[in-house]
Amino acid sequence: MKQIRTVDAVGTVLCHDITQIIKGVTKDAVFRKGHVVTEEDIPVLLSVGKEWLYVWEKEEGMLHENDAAEILCSMCRGDHMERSEAKEGKIELTAACDGLFKADNEALKAVNGFGQMMIATRHGNFAVKAGDKLAGTRIIPLVIEEEKMEAARKQAMEITGGRPILTLLPFVHKKVGIVTTGNEVYSGRIQDTFTPVILEKFAEFDTEIVGHVTLNDDDKRVTAAILDLIGKGADVVVCTGGMSVDPDDKTPLAIRNTGSRIVSYGAPVLPGAMFLLAYYEKERRGGSPAVVMGLPGCVMYAKRTIFDLVLPRVMADDPVTAQELAALGQGGLCLNCPVCTFPNCGFGKGI
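As the structure is a prediction and not an experimental result, all values here were calculated from the model.

S.K.: Give a description of the overall build of the protein that names residues and reports values.
M.R.: Helix and strand counts for the protein stand at eleven helices and 19 strands. Against the 2.2 N^0.38 benchmark of 20 Å for 351 residues, the protein shows a C-alpha radius of gyration of 27 Å, more extended than a compact globule. In terms of its C-alpha atoms, the protein occupies a principal-axis envelope of roughly 90 × 45 × 30 Å. Across the 351 residues of the protein, 44% fall into the buried class. Intrachain contacts of the protein at a sequence separation of at least 6 include 66% that bridge at least 24 residues. Charge-centre separation for the protein: the mean point of 39 positive side chains lies 3 Å from the mean point of 47 negative side chains.

S.K.: Residue-level account of the environment of Leu253, with values.
M.R.: Position of Leu253 relative to the elements: it lies in helix H8 (residues 251–256). Residue class for Leu253 comes out partly exposed when judged on its relative accessible area of 36%. It is 9.0 Å that separates the C-alpha atoms of Leu253 and Lys220, two residues lying 33 residues apart in sequence.

S.K.: So what's going on with a nonpolar patch on the surface? Which residues, and what values?
M.R.: Among the surface-exposed residues, Leu270, Leu333 and Leu335 lie close enough to one another that they form a single nonpolar patch of about 340 Å² accessible area. Looking at the element boundaries, Leu333 is found in the segment after helix H11 (322–326). What makes Leu333 exposed here is its relative accessible area of 52%.

S.K.: Explain the state of the cysteines residue by residue, including any values.
M.R.: For the structure on display, the rule yields zero disulfides. Just so you know, Cys97 is unpaired, no disulfide at all, and the nearest cysteine sulfur is the one on Cys73, 16 Å from it. For Cys97, a relative accessible area of 18% translates into the label buried. Free cysteine: Cys298, not disulfide-bonded; nearest cysteine sulfur from Cys334 at 10 Å. Judged by relative accessible area, which is 9%, Cys298 ranks as buried.

S.K.: Describe the layout of surface pockets, listing the residues and the values that go with them.
M.R.: Taken as a whole, the largest pocket holds about 890 Å³ of empty space. Lining the largest pocket we find 33 residues, and of these Lys102, Ala103, Asn105, Gly124 and Asn125 sit closest to its centre. Contributing elements (two or more residues each) for the lining of the largest pocket: strand S8 (99–103), helix H3 (105–112), strand S13 (166–170), helix H10 (306–315) and H11. Here the residues of the lining of the largest pocket sort into 14 nonpolar, eleven polar and eight charged. The computed volume of the second largest pocket comes to approximately 400 Å³. In this structure, the second largest pocket is lined by 21 residues; those nearest its centre are Ala127, Phe171, Glu204, Phe205 and Pro312.

Cut-off values and rules
Residues numbered from 1 in each chain as written. Predicted model: local features only at pLDDT ≥ 70, side-chain atom pairs only at ≥ 80, totals over all residues. Heavy atoms only, no water. Helix = DSSP H or I, 4+ residues; strand = E, 2+ residues; numbered from the N terminus. Rg over C-alpha atoms; globule rule 2.2 N^0.38 Å. Buried < 20%, exposed > 50% of the residue type's maximum accessible area, 1.4 Å probe, protein only. Contact = heavy atoms within 4.5 Å. Lys, Arg positive; Asp, Glu negative; His and termini not counted. Charge placed at Lys NZ, Arg CZ, Asp CG, Glu CD. Patch = residues over 30% accessible without salt bridge, like charges linked within 9 Å, V, L, I, M, F, W, Y side chains within 5 Å. Areas by Shrake-Rupley, 256 points an atom, 1.4 Å probe, with all protein chains shown as cover. Salt bridge = Lys/Arg side-chain N within 4 Å of Asp/Glu carboxyl O. Disulfide = S-S within 2.5 Å. 1 Å grid on protein atoms, 1.4 Å probe; cavity = no way out; pocket = protein on both sides within 12 Å on 5 of 7 lines; lining within 4 Å. Points joined across faces, edges and corners; volume = space filled by probe spheres on them. Nonpolar A, V, L, I, M, F, W, Y, C, P; charged D, E, K, R; others polar.

Next up, the structure:
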């Protein structure tokens, strides 16, 4: 840091805030620490009594906060993200399209653990809309060692395999098949109130329904229906009902008998414990595997369930693992708030 005459300060970087006080009007910083002085700033600085300024003196191996922020931004920013200009060492990232936001938690912890730098993001594995804020990055001091920034970048890239810390996967068009099960629905004794809920959930994404069948609790017929819908081009097949452990609930058996790879039958989420997720890969005509889900009855009547946590990932072609489902235990309890604010709540956000 060095002292310099204000009239000679064009192009230098302020080391402190410059406050303007006008009685009854304002008391605020007219220029912030880190501001690069321009010719137009000189009269303003003189008007607030600043004949001399303390400015940053360039040192070998040290980076100004805005230059360091650019490094943080380059570590974080994935495709389909817009960025702000660097200001006071901070850069914000926003979504350029609708999609699934993901963050590498280990890389985030590594960078934030270095100190003097930070990355704050929204929760990963949730849907975002174009224009939504995704993350903010900044450097804490005015200057920081270039070596430290490079060490943080190197460690983050080792963890991510060279990929950005943050990812935005655009949602893709999906063809959907629905298999409604249950003797009581099939026979017409009760009205099907499950399918309308499913249709409403899928309407939030770019989907088309390629088939819907209603069957009794005959596992062989349900298996055949799932395979038929996949054969007709369904990328996603959901089966409603018959998901408990009662002897006449045979939907899990029917899904297993399609030859699908079962990821998990059961999830540590309430509502949604009896959820089943599988991927059908056999004789699939190109593209990603078909997703087959068995939905428990709670999806029909509860405002938010395991289905709301998994569906955005399905719509972004983001495979879900058994380990990821197991990790939903912490945060997997919906509190059934009188006014639902999901996803702006803790449901499904884990650790």
